[in-house]
Amino acid sequence: MRQNPSFAMTDVAELRRLVDLNPWATLVSHTDEGLVASHYVVLLDEDHDDLTIVGHVGKPDDLIHGLGERELLVVIQGPHGYVSPGWYGDVPSVPTWNFTAVHLAGVPEILDADENLRVLDRLVARFEAGMPEPRLMWERPNDVAFIERLERGTVGFRLTPTRVAAKRKLSQNKPVDVVQTVIDGLRGEGAHRNPALAAEMERALRTRAEAGATA
């Protein structure tokens, strides 16, 4: 991902927030057969306060990626969407696409069966938490034999990135009033309504204002 100092993200807390809120990731590896990509959920590792993540792949994706043997790139995509030139006012302009993205790269560690089960259990608990009647992994009608068969069909991993690239392109190069107009447009009822992106832009705008106040 080409980096632009104006759009770079370096604050670890902000990067952790984006990873936590956007767990559906793209896993990319460069293999002897060429590039391969898969899509899986990843979670921040509870035992670390950095950008270490844990996850799993289904077999044989571990072999296809050479998991644990070569560098893995994990792409996290946050809120993104179309920005109309009409929101910039009566000035020469073209459309653009605002977005947030985090790239984490490193050689993953393969988890043993017990660790993999803990990650799978946590994964289910995370997304079942919002259900009226959560179905947790170890609860009936699941039994131990079923869960163990499930685990054997997956390969868990932990990735502590050795390279991180993150970008937040949210109209930071525009005047505050223009950014607010874009936010209003994204919150409107038009074809490109995008409340999630609007909220992310508002967050960036507050950070910008706070930085200006302390400068």
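A quick note: this is a predicted structure, and the numbers were derived from the prediction, not measured. (Residues numbered from 1 in each chain as written. Predicted model: local features only at pLDDT ≥ 70, side-chain atom pairs only at ≥ 80, totals over all residues. Heavy atoms only, no water.)

> Looking at this model, I keep getting lost on the overall build of the protein chain. Mind explaining?
Across its full length, the protein chain holds 6 helices and 8 strands. The order of α-helices and β-strands along the protein chain, N terminus first, is α-β-β-β-α-β-β-β-α-α-β-β-α-α. Structurally, the protein chain occupies a C-alpha span of about 65 × 45 × 35 Å along its principal axes. Expressed as a percentage of the 215 residues in the protein chain, the buried residues total 42%. Across the protein chain, every contact between residues at least 6 apart in sequence was considered, and the portion connecting residues at least 24 apart equals 70%. As presented, the protein chain carries roughly 12000 Å² of accessible surface, and 54% of it is formed by carbon and sulfur atoms. (Helix = DSSP H or I, 4+ residues; strand = E, 2+ residues; numbered from the N terminus. Buried < 20%, exposed > 50% of the residue type's maximum accessible area, 1.4 Å probe, protein only. Contact = heavy atoms within 4.5 Å. Areas by Shrake-Rupley, 256 points an atom, 1.4 Å probe, with all protein chains shown as cover.)

> What should I look at first to understand the environment of A8 in this one?
Locating A8 in the fold gives a position in the segment before α1 (12-21). Residue A8 is classed as partly exposed on the basis of its relative accessible area of 33%. Sequence separation of A8 and K169 is 161 residues, and the distance between their C-alpha atoms is 8.2 Å. Those residues within four positions of A8 in sequence are excluded, and the remaining contacts are Q3 and A166.

> It is not clear to me how the sheet that holds strand β3 (residues 53-58) should be interpreted in this structure. Could you clarify?
Note on sheets: strands pair through backbone hydrogen bonds, and any given pair is parallel or antiparallel. With antiparallel pairing, 8 strands are arranged side by side in an open sheet as β6-β7-β3-β2-β1-β4-β5-β8. This sheet does not close on itself; its edge strands, each paired only once, are β6 (109-110) and β8 (163-169). Pairing geometry for β3 and strand β7 (residues 154-159), over 6 bridges, is antiparallel. From the neighbouring strand, V57 faces β7, where its bridge partner is V155. (Pairing = 2+ DSSP bridges.)

> In this structure, what is going on with the side chain of K169? I would like to understand it.
You can see K169 is positioned in strand β8. Nearest to the buried, unbridged K169 among oppositely charged side chains is E200, at 14 Å. A polar side-chain atom of K169 sits 2.7 Å from a polar atom in the side chain of T96. Discounting chain neighbours no more than four positions away, the residues touching K169 are F7, T96, W97, N98 and F99. (Lys, Arg positive; Asp, Glu negative; His and termini not counted. Salt bridge = Lys/Arg side-chain N within 4 Å of Asp/Glu carboxyl O. Polar contact = N/O pair within 3.5 Å; in protein donor to acceptor, adjacent residues only side chain to side chain.)

> What am I meant to see in the packing of aromatic side chains here?
Each aromatic ring pair is summarised here by two numbers: the centre-to-centre distance and the angle between the ring planes. Going through the model one piece at a time under the given rule, you end up with 1 aromatic pair. Relative to W97, the ring of Y82 has its centre 6.3 Å away and its plane inclined at 70 degrees; by these criteria the two rings are edge-to-face. One end of the pair, Y82, is in strand β4 (residues 72-83); the other, W97, is in strand β5 (residues 96-106), with 15 residues separating them in the sequence. Using a relative accessible area of 23% as the deciding quantity, one classes Y82 as partly exposed. Taking NZ or CZ as reference, K174 lies 4.4 Å from the ring centre of Y88, over its face. (Phe/Tyr/Trp six-rings, centres within 6.5 Å; stacked < 30°, edge-to-face > 60°. Lys NZ or Arg CZ within 6 Å of the ring centre and 35° of its normal.)

> It is not clear to me how helix α5 (residues 176-187) should be interpreted in this structure. Could you clarify?
Every α-helical turn comprises 3.6 residues, leaving residues that sit three or four positions apart pointing alike. When the terminal C-alpha atoms of α5 are compared, their 17 Å separation across 12 residues agrees well with the 16 Å that a helix rising 1.5 Å per residue should span. Listed as buried for α5 are V178, V179, V182, I183, G185 and L186. The buried residues of α5 occupy an angular sector of 160 degrees when projected down its axis, which confines them to one face. (Expected span 1.5 Å × (residues − 1). Arc of directions from axis to C-beta.)

> Just checking my understanding: could you explain the side chain of H65 for this structure?
In this structure, H65 sits in helix α2 (residues 61-65). A distance of 2.7 Å separates the side chain of H65 from the side chain of S29, its partner in a polar contact. In contact with H65, not counting residues within four places along its chain, are L27, V28, S29, T31, V36, A37, S38, R70 and L72.

> What's the story with the pairing of β4 in this structure? I'm lost.
Along any regular strand, the residues point their side chains to alternate faces of the sheet. Pairing geometry for strand β1 (residues 24-31) and β4, over 5 bridges, is antiparallel. Bridging across to β4, V28 finds its partner in L73. The pairing of β4 with β5 spans 10 bridges and is classified as antiparallel. Across the sheet, the residue bridging to L73 is A105, located in β5.

> What is the right way to read the pattern of salt bridges from this model?
For side chains bearing opposite charge, pairing can occur when the charged atoms are close. Under the counting rule described, the total for this entry stands at 12 salt bridges. The structure contains a network of salt bridges with shared partners spanning E14, R17, R168, E200 and R203.

Honestly, it's all geometry; don't read function into it.
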